[in-house]
Protein chains: 2
Amino acid sequence: MDPHLLRTYVTVARLASFSAAARELGYTQSAVSQHIAALEQDLGTPLLTRRPVAPTAAGERLSEHAGPLLLRLDAARADIARTAAAPEQGLTLATTPTALGPGVLASLPAAGATLRVLPRDAVPAAVVTGGADLGLVDGLAAPSDPLRLPDVAPLTTRGVAEEPVRVLLPATHPLAGRLALRLGDLADARWLDAPDAGLPLDRLRALNGGRGFRPSVRCEGTDLRSLTALAAAGHGLALLPASAAVSVPGAVAVPVSEPRVVHRVELVHAGVPAGAAAVLAAALTAVA
Amino acid sequence: MDPHLLRTYVTVARLASFSAAARELGYTQSAVSQHIAALEQDLGTPLLTRRPVAPTAAGERLSEHAGPLLLRLDAARADIARTAAAPEQGLTLATTPTALGPGVLASLPAAGATLRVLPRDAVPAAVVTGGADLGLVDGLAAPSDPLRLPDVAPLTTRGVAEEPVRVLLPATHPLAGRLALRLGDLADARWLDAPDAGLPLDRLRALNGGRGFRPSVRCEGTDLRSLTALAAAGHGLALLPASAAVSVPGAVAVPVSEPRVVHRVELVHAGVPAGAAAVLAAALTAVA
DNA sequence: ACGCTCGATAAGCAACACTGATGGGGTGGG
DNA sequence: CCCACCCCATCAGTGTTGCTTATCGAGCGT
């Protein structure tokens, strides 16, 4: 289970082609073929069907493991590089789009920081691999409960902000006039599925006992404006933090009364922040 | 970052000796020396001080990463072996000592299953590496909230049981006569530290805002009887699930009223349980 | 001062990991 | 229908790697 073999396996699986993977990795096709053969011999089972190239059941399992494994490997390497030498360059902050509430925005420095808006899972990854000094992740949680994060590497988190959530409904929706809504009443509606933009549909489904919250349009990317436009056009409902759920023409944002969940933002960093990162971290947590 | 190099690094760090690690791994001392040198060159920084052999700061970081990394590697290998061929042998159930409540015990089959009582962290590890078909882990949680588990590999969990917790106090303790106690009132007392037996002192401290709950005697191993004996002898307090906190002579178990936490037991398994494992899983979850 | 142990280093050798070339199987165009 | 093409598997060749044995210098206890 050499990491190199793992890396070629994932690219082959992704591109569904030995030759294309070889080109991308800078190997010959022969080498890639031998890599896969070595992996299959090591694990004692075929991982890919040839012609067409597709993962077998065992290969599916490996695909699921290989990503986090390689990520953790990079995280370890980055962590060590970080402790070995802290060059302290320009500060970068990775964040999900919905984590940028008013409190956070207020405490950003006027200049000198770069912001990377990423999908939800990519934020911890960026922080552990050194792609960002600090990260902001958000999610739904019971009040004052911590978020559940993938522990790709040792991370420390601190709560930064909590705010109520609202449902974004088209103005024509029968419940659009309500002052507050229970999520359970909307379980049978169609919901927008936008995992990159921080809309955790599976999380809602879990809160509801695994039922309901069927997805309508799936929306990839991290742009919130498109999402609200979709909701206004009646393509599905969306659950957003109060500050992000602005009422645009054609849509209204109604507070959620039940269950008692809040939109929570957490600051995540690897190790102990130093220099400019420490200043920003202090400013961000002072809001809370 | 070859896994082999990682493995030799962790054994060298653990044994604090190149030669001893070489003996344990079946290499020559020279090979181990070259392994470490290769790692250090790859990462561009010294990892160990020689004479005496001890990890540097970078080495400490690596130690923290290497364990989960190797565990996940084993988990991937075991997972693939599992999907490739399901031999379905004798069923083994890994469990923490305090997870074995009355409900769980009642639904165990009369024979044919083996039980492995392990420290808390070892249970998920055993399940993902195939050392056990099912696992039972326990911990403190808000009612009906899931536990926080290390995600060494994709695991599925299901709640099995919840029960109130009690504090085990020596009979001579000033609060021993109370009908119920608030944990906050006991933050300044000395507590038994028994991580293997499922007494999460750090978790209590976190609930209390990071303060208090100083450890007294540290008790390694998974034996609950020793723990209650220690508590009865006045060496420190212990927080246990109601069914485990039997009142022995010299000690009383008092319910906890605040904060509202329960002792929760979860069934954990990798993939979809089949055969005898599925039967046991169904029996266990039927209790909940 | 001596002997012992520990880790680093040098040299040798076998196994490995690539490359380039070749072959067989499937597919689409002429 | 057959040929040309693309794909992956396999083979032989070669430079590199990874391990071993052997030797050395340094610290430590006697």
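This is a predicted model, so every value here is computed, not measured. (Residues numbered from 1 in each chain as written. Chains lettered and ligands numbered in written order. Predicted model: local features only at pLDDT ≥ 70, side-chain atom pairs only at ≥ 80, totals over all residues. Heavy atoms only, no water.)

Caption draft 1: Spatial organisation of the protein's contact with DNA strand D. In the neighbourhood of DNA strand D, 18 residues make up the surrounding shell, with A:Ser19, A:Ser33, A:Arg50, B:Thr28 and B:His35 lying closest. Counting only the atoms of DNA strand D within 4 Å of the protein, the fraction contributed by sugar and phosphate is 58%. In the model, a phosphate oxygen of DNA strand D is placed 2.7 Å from a nitrogen or oxygen of the A:Ser33 side chain. In the model, a base oxygen of DNA strand D is placed 3.0 Å from a nitrogen or oxygen of the B:Gln34 side chain. Those elements that provide at least two residues to the surface near DNA strand D are α2 (18-25) and α3 (29-43) of chain A together with α3 (29-43) of chain B. When grouped by side-chain class, the residues that make up the surface near DNA strand D number four nonpolar, eleven polar and three charged. (Near = heavy atom within 4 Å. Polar contact = N/O pair within 3.5 Å; in protein donor to acceptor, adjacent residues only side chain to side chain. Helix = DSSP H or I, 4+ residues; strand = E, 2+ residues; numbered from the N terminus. Nonpolar A, V, L, I, M, F, W, Y, C, P; charged D, E, K, R; others polar.)

Caption draft 2: Seen up close, the interface of chain A and chain B. Taken together, the contact between chain A and chain B spans 30 residues of the former and 30 residues of the latter. Here chain A meets chain B over a buried area of about 2800 Å², counting both sides, of which 62% is carbon and sulfur. Summed over the three residues of chain A that lose the most area to chain B, namely A:His65, A:Arg77 and A:Ile80, the buried surface amounts to 22% of that side. Linking chain A with chain B are four salt bridges. A:Asp79 serves as the salt-bridge partner of B:Arg61, at 2.8 Å between the closest nitrogen and oxygen. Joining chain A to chain B, the criterion identifies six residue pairs in polar contact (both at pLDDT 80 or more). Residue assignment for the side of chain A that touches chain B shows that the elements contributing at least two residues are α3 and α4 (57-84) of chain A. Examining the composition of the side of chain A that touches chain B, we find that 16 residues originate from one element, α4(A), more than from any other. For the side of chain A that touches chain B, the class distribution of residues is 17 nonpolar, three polar and ten charged. (Contact = heavy atoms within 4.5 Å. Buried area = accessible area lost by both parts, 1.4 Å probe. Salt bridge = Lys/Arg side-chain N within 4 Å of Asp/Glu carboxyl O.)

Caption draft 3: Main features of the sheet that holds strand β8 (residues 181-182) of chain A. All names here are of chain A. Ordered by their spatial adjacency, four strands build an open sheet running β8-β12-β7-β11, and the pairing between neighbours is mixed. The outermost strands of the open sheet, each flanked by one partner alone, are β8 and β11 (238-241). Two elements, β8 and strand β12 (residues 251-258), share two bridges in a ladder whose sense is parallel. What sits directly across from Leu181, in β12, is Val256. (Pairing = 2+ DSSP bridges.)

Caption draft 4: Examining the environment of B:Ala132 more closely. Its location among the elements puts B:Ala132 in the loop between α6 (122-128) and β5 (134-141). In the structure, B:Ala132 is positioned 18 residues away from B:Thr114 in sequence and 9.2 Å away in space, judged by C-alpha atoms.

Caption draft 5: The arrangement of the relation of the copies chain A and chain B in detail. Screw-axis analysis of chain A against chain B gives a translation of 0.1 Å along the axis, an RMSD of 0.1 Å, and a rotation angle of 180°. Here the two chains are linked by the operation of a two-fold rotation axis. Interface overlap between copies is the fraction of interface residues in one copy that are interface residues in the other; for chain A against chain B it reaches 100%, indicating a shared surface. (Least-squares fit on C-alpha atoms with pLDDT ≥ 70 in both.)

Caption draft 6: Focus on unusual backbone geometry. Residue and element names in this part refer to chain A. Even without a glycine there, the phi angle at Ala16 is positive, about 55°. Tracing the backbone shows Ala16 in the loop between α1 (3-15) and α2. Ala16 gets classed as partly exposed once you look at its relative accessible area, which sits at 40%. (Buried < 20%, exposed > 50% of the residue type's maximum accessible area, 1.4 Å probe, protein only.)

Caption draft 7: How the structure looks around the sheet that holds strand β6 (residues 156-163) of chain A. Residue and element names in this part refer to chain A. The strand order across the open sheet formed by five strands is β4-β3-β5-β13-β6, and the pairing between neighbours is mixed. Edge positions in the sheet fall to β4 (113-117) and β6, since each of these pairs with one other strand and no more. The mean angle between the axes of side-by-side strands here comes to 25°, regardless of whether they run parallel or antiparallel. For strand β5 (residues 134-141) and strand β13 (residues 262-269), the ladder comprises seven bridges, and the chain directions are antiparallel. Among the inter-strand pairings, Leu140 is bridged to a residue of β13, identified as His263. (Axes fitted to C-alpha atoms, helices over the stretch in contact; angles between N-to-C directions.)

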